[in-house]
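If you want the building blocks of each chain, they are given just below.
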Amino acid sequence: MKIKFNKTYFLLFITLLITEVLIAKFLTTGFIRHTFGDYLVVILLYTFFKSFLLIKPFKVAISVLLFAFLIEFLQLCNLLKWLGLQNNTLAKLILGSTFHISDLVAYTLGIITILIIEHKRNQLQ
């Protein structure tokens, strides 16, 4: 694993981060907030890691997916309550507070999207 800054991935990361912040700030319910936001968050994490690390797309994508699944399953164990953060708005926003299978589907679809885009991009090069 090598460290090398990639401006394209970083710009994508910043764009997705701003999008996620706007979703969190202005949308409190609905598909965009609860499902599309989860879809985007794995893409956000992927682009963050690809901004700094030269790692094969599949390895990064699977690592991000496993991390997202881990956080989601920790919600089943009341992670926020266990950490004493159940009343912390930022912790609830970042870690989530309830387990939903639909979140796992959104994460998986986000990673599949990334892998398709990376595959197509590699074919063009």
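Right, let's walk through the structure included here.

Rules behind the numbers
Residues numbered from 1 in each chain as written. Predicted model: local features only at pLDDT ≥ 70, side-chain atom pairs only at ≥ 80, totals over all residues. Heavy atoms only, no water. Helix = DSSP H or I, 4+ residues; strand = E, 2+ residues; numbered from the N terminus. Rg over C-alpha atoms; globule rule 2.2 N^0.38 Å. Axes fitted to C-alpha atoms, helices over the stretch in contact; angles between N-to-C directions. Parallel < 35°, antiparallel > 145°, perpendicular 65-115°, else oblique. Left-handed = near helix turned anticlockwise from the far one by under 90°. Contact = heavy atoms within 4.5 Å. Expected span 1.5 Å × (residues − 1). Bend = angle between axes of the 7 residues up to and from the residue. Buried < 20%, exposed > 50% of the residue type's maximum accessible area, 1.4 Å probe, protein only. Core = buried A, V, L, I, M, F, W, Y, C linked by side-chain atoms within 4.5 Å. Nonpolar A, V, L, I, M, F, W, Y, C, P; charged D, E, K, R; others polar.

Helix and strand counts for the chain stand at 6 helices and 2 strands. Helices and strands appear in the chain in the N-to-C order β-α-α-β-α-α-α-α. A globule of 125 residues ought to have a C-alpha radius of gyration of about 14 Å, and the chain, at 15 Å, matches this closely. Each of the three principal axes of the chain carries a C-alpha extent, and together these read 45 × 30 × 25 Å.

Closest axis-to-axis distance for the helix H2 (residues 30–52)/helix H3 (residues 57–76) pair is 9 Å, and the angle between their directions is 135°. Between H2 and H3, the angle falls in the class oblique. The two elements H2 and H3 cross, and the hand of that crossing is right-handed. Here Val-42, Leu-45, Tyr-46, Phe-49 and Lys-50 of H2 lie close against H3, whose contacting residues are Pro-57, Val-60, Ala-61, Val-64, Phe-67 and Ala-68.

A few words on H2. Its 23 residues give H2 an end-to-end C-alpha distance of 33 Å, which sits within 8% of 33 Å, the value for a rise of 1.5 Å per residue. The sharpest bend along H2 reaches about 40° and sits at Gly-37. Buried residues of H2: Gly-37, Asp-38, Leu-40, Val-42, Ile-43, Leu-44, Tyr-46, Thr-47, Lys-50 and Ser-51, and no others. Close packing links the buried residues of H2 with helix H1 (7–26), strand S2 (53–54), H3 and helix H6 (101–124).

With that out of the way, let us pick up the nonpolar core. Residues Leu-16, Val-42, Ile-43, Tyr-46, Val-64, Tyr-107 and Ile-111 are the most contacted members of the largest nonpolar core, which totals 18 residues. For this core, the secondary-structure elements that each account for two or more residues are H1, H2, H3 and H6.

Here we take up the side chain of Gln-75. Relative to the assigned elements, Gln-75 resides in helix H3. The residues touching Gln-75, leaving out its near neighbours within four places in the chain, are Leu-95, Gly-96, Ser-97, Thr-98 and Phe-99.

Moving on, we get to the packing of H1 against H2. Between H1 and H2, the shortest axis-to-axis distance is 8 Å and the interhelical angle comes to 155°. One finds that H1 runs roughly antiparallel with respect to H2. The way H1 lies across H2 gives a crossing that is left-handed. Of the residues belonging to the contact of H1 with H2, the class tally is 16 nonpolar, 4 polar and 3 charged.

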